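Take a look at the letters that make up each chain.
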Amino acid sequence: MSRPETHFHLDHLPPIDQFFIDEANNATYPWPSVDYEPGVPITTLDKSGNVKNHGVPISTPACTQQGVSVEGARHTRTSRTISQTSSFIKTKFAQDLQANLGRIKPKYLYNPPRSLYDWHQDLGGHKCCVNFLLTDTPGARTIHKFPTDCRLNFQVDVVEYNLYYPLLFNARIDHCVINMTDQHRYILHIPLFDVSYDVAKEYLVNYTSDSNRYL
Ligand SMILES: [Fe+2]
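About the cut-offs
- Residues numbered from 1 in each chain as written.
- Predicted model: local features only at pLDDT ≥ 70, side-chain atom pairs only at ≥ 80, totals over all residues.
- Helix = DSSP H or I, 4+ residues; strand = E, 2+ residues; numbered from the N terminus.
- Buried ≥ 20, exposed ≤ 12 C-beta atoms within 10 Å, placed from the backbone.
- Contact = placed C-beta atoms within 7 Å.
- Core = buried A, V, L, I, M, F, W, Y, C linked by C-beta atoms within 7 Å.
- Pairing = 2+ DSSP bridges.
- Axes fitted to C-alpha atoms, helices over the stretch in contact; angles between N-to-C directions.
- Arc of directions from axis to C-beta.

In terms of regular secondary structure, the protein chain is built from three helices and 15 strands. Oriented by its inertia axes, the alpha-carbon framework of the protein chain measures out at about 60 × 50 × 30 Å. In the protein chain, which comprises 215 residues, the proportion classed as buried is 27%. Partitioning the intrachain contacts of the protein chain with sequence separation of at least 6 by distance along the chain shows that 80% fall at a separation of at least 24.

This is the structure we're talking about:
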């Protein structure tokens, strides 16, 4: 059986404007609410009732701004992303997406230096999204995985972002982000709530812009 497509480059569209890179860099990113008590080991029981130790959770700062710890509230949403709203919604491209593909909600996602955003599917109600990589962090990797008939072995597909250019991303295949660099990594993330990956792709490959910018 063939594997579904994980992503598609949209290099016929303009690169992101410097304005949005600056906006991402200057945003304050509330951290997700606390799941585990710092310093207390995380344990679960396996099928045989044996205790499995997952390690001791490290406390994280309440907030970051340009990677610097600042005081601030953790957010109370159920989302586990470290994110902040983007003003990209005002652009003609965003308005065209809304008019033709339905609801969108542009935001910036943040991956701290030397961090792993664990395996997941985006379950915020969207099946696909348009992402722009905003930071030159070639040591960071976004990976999709596919189960095989051997439980602990997976096939993987690496998303090779083209810096500053958009990419259509399949959010309903297990994926993770590993930032192995000492740099702060930001992407502009535009979830498309009302269409499938294939419908979004059909629209986007035929989308033309008469400008080389979004603003
Ligand atoms: Fe995701």
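Still more ground to cover, so stick around.
The next subject is the nonpolar core. Counting residues in hydrophobic clusters, the biggest one holds 33 residues, and the most contacted among them are C128, L134, L168, L188 and L192. For this core, the secondary structure elements donating two or more residues are α1 (18-26), α2 (92-101), β8 (107-111), β10 (128-133), β13 (166-170), β15 (185-192) and α3 (197-205). Look past the residues within four positions of L168 in its chain and what remains in contact with it is H7, F8, L10, C128, V130, Y197, A200, K201 and L204.

Bringing the sheet that holds strand β9 (residues 115-120) into the picture now. Strand pairing in a sheet is mediated by backbone hydrogen bonds. Such pairs are either parallel or antiparallel. With antiparallel pairing, four strands are arranged side by side in an open sheet as β9-β14-β11-β12. Among the strands making up the open sheet, the edge pair consists of β9 and β12 (154-159). For this sheet, the mean inter-axis angle between neighbouring strands, taken without regard to orientation, is 20°.

This part is about the environment of D46. Looking at the secondary structure, you find D46 in the loop between β3 (43-45) and β4 (51-53). Separated by 28 residues in the primary sequence, D46 and Q18 place their C-alpha atoms 49 Å from one another.

What follows is about the sheet that holds strand β7 (residues 83-85). With antiparallel pairing, the six strands of this open sheet are ordered in space as β1-β13-β10-β15-β8-β7. Looking at the sheet topology across the chains shown, the edges are occupied by β1 (7-9) and β7. The sheet shows a mean angle of 30° between the axes of neighbouring strands, taken without regard to direction. Across five bridges, β10 lies against β13 in antiparallel orientation. Opposite C128, over in β13, you have N170 as the bridge partner.

With that out of the way, let us pick up α3. Count 3.6 residues to each turn of an α-helix, and residues three or four apart come out pointing the same way. Taken together, the buried positions of α3 are Y197, A200 and L204. The arc enclosing the buried residues of α3, seen along the axis, measures out at 65°, which places them on a common side. The elements touched by buried residues of α3 are α2, β10, β13 and β15.

Bringing the environment of N206 into the picture now. Tracing the chain through its elements places N206 in the segment after α3. The class for N206 is exposed, based on 8 C-beta atoms found within 10 Å.

Sheet analysis places strand β11 (residues 140-147) next to β12, joined by six bridges and oriented antiparallel. Looking at β12, one finds that H144 is bridged to D157. The antiparallel pairing of β11 with β12 creates a hairpin that spans six residues between the two strands.

Moving on: the pairing of strand β14 (residues 175-179). The pairing of β9 with β14 spans four bridges and is antiparallel. Across the sheet, the residue bridging to L116 is I178, located in β14. Strand direction decides the pairing type here: β11 and β14, joined by five bridges, are antiparallel. Across the sheet, residue A140 finds its bridge partner in β14, namely N179.

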